[in-house]
Amino acid sequence: MEMTIFIKEFRQVDSIARFMDFYHSLQMNYLASDLLEQGLSPKQITDAVIKAINIGKVSGLMMKEHFKPVFSGFNNKIIIDCKLSHLAYGLVLLNADVELNVVGNFQITVLRSYINSS
């Protein structure tokens, strides 16, 4: 037996929230799994994403604007992934394992940019 649930009334708040989620998702051009190609392991990515999310929360970022859990395909498998905004991608890379060349280079680039703009 199937059960079908009907909503009797149109809830504008839900529609606006879904639209805003969709809009913010369009601004998220990166996937956390993209970092696999940069040499990070799945565990390193997961740890860095968790740190980046915690930093975002503490800093008062609207998390829905920068992080969105999704499923992706990788090596013929479905994996849990995360869509990232440009800012979130940078936060993840800044908080990844510092022994990786790509992480160290990114940190140096960010610091040089910060110092030169001061």
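Preceding block: the structure.
Residues numbered from 1 in each chain as written. Predicted model: local features only at pLDDT ≥ 70, side-chain atom pairs only at ≥ 80, totals over all residues. Heavy atoms only, no water.

Caption draft 1: Summary view of the nonpolar core. Ranked by internal contacts, the top residues of the largest apolar core, which has 19 residues, are Ala-32, Leu-35, Leu-40, Ile-45, Phe-67, Leu-84 and Val-92. Among the secondary structure elements, those contributing two or more residues to this core are helix 2 (42-58), strand 3 (77-84) and helix 3 (86-94). Residue contributions to this core peak at five residues, all from helix 3. What Leu-40 contacts, discounting residues up to four positions off in sequence, is Leu-35, Ile-45, Ala-96, Leu-100 and Val-102. (Core = buried A, V, L, I, M, F, W, Y, C linked by side-chain atoms within 4.5 Å. Buried < 20%, exposed > 50% of the residue type's maximum accessible area, 1.4 Å probe, protein only. Helix = DSSP H or I, 4+ residues; strand = E, 2+ residues; numbered from the N terminus. Contact = heavy atoms within 4.5 Å.)

Caption draft 2: Seen up close, helix 2. Taking 1.5 Å per residue as the helical rise, helix 2 with its 17 residues ought to reach 24 Å, and the 24 Å between its terminal C-alpha atoms agrees with that figure. Three or more residues of helix 2 are buried, namely Gln-44, Ile-45, Ala-48, Val-49, Ala-52 and Gly-56. What you see down the axis of helix 2 is that its buried residues fit within an arc of 130 degrees, all on one side. Opposite the packed face of helix 2, turned more than 90 degrees from it, sit the exposed residues Lys-43, Lys-57 and Val-58. The elements touched by buried residues of helix 2 are strand 2 (67-74) and helix 3. (Expected span 1.5 Å × (residues − 1). Arc of directions from axis to C-beta.)

Caption draft 3: The arrangement of the packing of aromatic side chains in detail. Considering all chains together, one arrives at one aromatic pair under this definition. Considering the side-chain rings of Tyr-30 and Tyr-89, the 4.3 Å spacing of their centres and the 20 degrees angle between planes classify their relative orientation as stacked. Residue Tyr-30 is found in strand 1 (residues 30-31), and its partner Tyr-89 is found in helix 3; the two are separated by 59 residues along the sequence. Of the residues examined, Tyr-30 reaches a relative accessible area of 24% and is grouped as partly exposed. (Phe/Tyr/Trp six-rings, centres within 6.5 Å; stacked < 30°, edge-to-face > 60°.)

Caption draft 4: The arrangement of a nonpolar patch on the surface in detail. A surface patch of nonpolar side chains, about 610 Å² in accessible area, is lined by Ile-16, Phe-19, Met-20, Phe-22, Tyr-23 and Leu-26. Summarising the element assignment, Tyr-23 is placed in helix 1 (residues 12-26). (Patch = residues over 30% accessible without salt bridge, like charges linked within 9 Å, V, L, I, M, F, W, Y side chains within 5 Å. Areas by Shrake-Rupley, 256 points an atom, 1.4 Å probe, with all protein chains shown as cover. Salt bridge = Lys/Arg side-chain N within 4 Å of Asp/Glu carboxyl O.)

Caption draft 5: Spotlight on the side chain of Lys-83. Counting through the fold element by element, Lys-83 comes out in strand 3. Here Lys-83 is buried and forms no salt bridge, its nearest opposite-charge partner Asp-81 lying at an N-O distance of 10 Å. Side-chain polar atoms of Lys-83 contact the side chain of Ser-25, separated by 3.0 Å. Every residue in contact with Lys-83, bar those within four places of it in the chain, is listed here: Ser-25, Met-28, Tyr-30, Leu-31, His-66, Phe-67, Lys-68 and Val-70. (Lys, Arg positive; Asp, Glu negative; His and termini not counted. Polar contact = N/O pair within 3.5 Å; in protein donor to acceptor, adjacent residues only side chain to side chain.)

Caption draft 6: View of the pattern of salt bridges. Using the criterion set out here, one finds one salt bridge in the structure. The partner of Lys-43 in a salt bridge is Asp-47, and the shortest N-O contact between them spans 2.9 Å. Of this pair, Lys-43 and Asp-47 both sit in helix 2, four residues apart, which is roughly one turn of the helix. Overall, the relative accessible area of 56% leaves Lys-43 in the exposed class. We classify Asp-47 as partly exposed; its relative accessible area is 32%.

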